[in-house]
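The primary structure of each chain is shown beneath.
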Amino acid sequence: MNIYMLTNNNYLYLGLDFLIREKCEYQCTMLSQNKIHAFFTYYTPNCNDVFVVSSDMFAKNFNYLLNIRDLGLTIVIVNKLRNSPLASLFGVCAITYHFSVEELFNCIKKHKSSITQQLPQMPRLTNRERIVLFNITKGVDIHSISDSMGISEKTVYSHMAIIMRKIGLKKRVNVGLLPSVYINYLCAGNQSRVIY
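Conventions adopted
- Residues numbered from 1 in each chain as written.
- Predicted model: local features only at pLDDT ≥ 70, side-chain atom pairs only at ≥ 80, totals over all residues.
- Heavy atoms only, no water.
- Phe/Tyr/Trp six-rings, centres within 6.5 Å; stacked < 30°, edge-to-face > 60°.
- Helix = DSSP H or I, 4+ residues; strand = E, 2+ residues; numbered from the N terminus.
- Buried < 20%, exposed > 50% of the residue type's maximum accessible area, 1.4 Å probe, protein only.
- Salt bridge = Lys/Arg side-chain N within 4 Å of Asp/Glu carboxyl O.
- Axes fitted to C-alpha atoms, helices over the stretch in contact; angles between N-to-C directions.
- Parallel < 35°, antiparallel > 145°, perpendicular 65-115°, else oblique.
- Left-handed = near helix turned anticlockwise from the far one by under 90°.
- Contact = heavy atoms within 4.5 Å.
- Nonpolar A, V, L, I, M, F, W, Y, C, P; charged D, E, K, R; others polar.
- pLDDT = per-residue confidence, 0-100.
- Pairing = 2+ DSSP bridges.
- Core = buried A, V, L, I, M, F, W, Y, C linked by side-chain atoms within 4.5 Å.

Asker: Before we move on, could you go through the packing of aromatic side chains and cite the residues and values that matter?
Answerer: Tallied over the full model, the rule gives 11 aromatic pairs. With 5.2 Å between their ring centres and 25° between their planes, Tyr4 and Phe51 make a pair best called stacked. Of the two residues, Tyr4 sits in strand S1 (residues 2-6) while Phe51 sits in strand S3 (residues 50-54), which places them 47 residues apart along the sequence. Across the pair, Phe51 and Tyr4 agree in class, each one buried. An aromatic cluster is present here, built from Tyr4, Phe39, Phe40, Tyr43, Phe51 and Tyr64 joined pairwise through their rings.

Laid out in structure tokens, this is it:
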């Protein structure tokens, strides 16, 4: 098994590398922002590979992470919070920056055991739903959205209810908790995928 650490934080990588070498014989490789494109150009997927992603790399490498997820490979997100919206979007584990190797291996084991389950699908929005979501995230009020789209306010609310159901949120204010790169992905029509 290879463990790939997607981060620009050298201290985080060195700590993980040291802990892994001390506990087992896995190889740990750091993929910083300037190395990631070259790596994925020549990467051959292996079902045992694990990608540990720090939250600082999430926004910059969203398309790569979508492809890793679609391949069914293990992704562990290292974040400030254990209950990260990023983890629920991807159907993966999230651990805090002060994690232990045992916690990391438990996440990997949990993912490997649930690999037969269907991964959560990324929501697909219609053109109107994308326009409504984009405007809501920019702080535009419902009345202005209805005027600019030429539809009633009730229809805008209906679109918002459908969007909230599709992205798995109960309250409109929680849209602000989602990563901006994910919102941009939804609003762009899910067309900007990197294929390798």
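Asker: Summarise the pattern of salt bridges; cite the residues concerned and give the values.
Answerer: Counted according to the given criterion, the structure contains three salt bridges. In this structure, Glu102 and Lys23 form a salt bridge, with 3.0 Å as the shortest nitrogen-oxygen distance. On the criterion of sequence distance, the pair formed by Glu102 in helix H6 (residues 101-113) and Lys23 in helix H1 (residues 10-23) is long-range, its members being 79 residues apart. Overall, Glu102 belongs to the partly exposed group, its relative accessible area being 42%. By relative accessible area, which is 48% here, Lys23 ends up partly exposed.

Asker: Kindly report on the packing of helix H7 (residues 127-137) against helix H10 (residues 180-187), identifying the contributing residues and their values.
Answerer: Packing of H7 against H10 leaves a shortest axis separation of 9 Å and a crossing angle of 150°. Classed by the angle they form, the pair H7 and H10 counts as roughly antiparallel. Judged by the sense of rotation from one axis to the other, the crossing of H7 with H10 is left-handed. For the pair formed by H7 and H10, the contact residues are Arg130, Leu133, Phe134 and Thr137 on the first element and Ile183, Leu186 and Cys187 on the second. Its residues assigned to classes, the contact of H7 with H10 shows five nonpolar, one polar and one charged.

Asker: Residues and numbers for the confidence of the model for the protein, please.
Answerer: This prediction gives the protein a mean pLDDT of 81; 88% of its residues lie at or above 70. In the model of the protein, helix H5 (residues 85-90) stands out as the element of lowest mean pLDDT, 68, in contrast to helix H8 (residues 142-149), which has the highest, 92. Low confidence marks residues 191-196, where pLDDT is under 50. Its contacts with residues over four positions away, or in another chain, come to 16 contacts.

Asker: Explain the sheet that holds strand S4 (residues 74-79) to me, using residue names and the numbers behind them.
Answerer: One open sheet holds the five strands; their spatial order is S2-S1-S3-S4-S5, and the pairing between them is parallel. Each end of this open sheet is capped by a strand with a single partner; those strands are strand S2 (27-31) and strand S5 (93-96). Averaged over all neighbouring strand pairs, the angle between strand axes comes to 25°, with direction disregarded. Looking at chain direction, S4 and S5 are connected through four bridges and run parallel. In the strand pairing of S5, Val78 is matched with Ile95. Sheet strands touched by H1: S1, S2, S3 and S4. Its angle to S2, the strand with the most contacts, is close to 170°. Strands S1, S3 and S4 of the sheet are contacted by helix H4 (residues 62-70), whose axis makes an angle of about 140° with S4.

Asker: Describe the nonpolar core, listing the residues and the values that go with them.
Answerer: Grouped together as the largest cluster of nonpolar side chains are 46 residues, with contacts concentrated most on Leu6, Phe51, Phe62 and Ile167. Ranked by residues supplied to this core, first place goes to H10 with six residues. Contacts of Phe51, omitting those with residues within four sequence positions, involve Tyr4, Leu6, Phe39, Phe40, Tyr43, Ile68, Leu73, Thr74, Ile75 and Val76. With 19 residues, the next largest nonpolar core counts Tyr13, Met30, Val52 and Cys107 among its residues.

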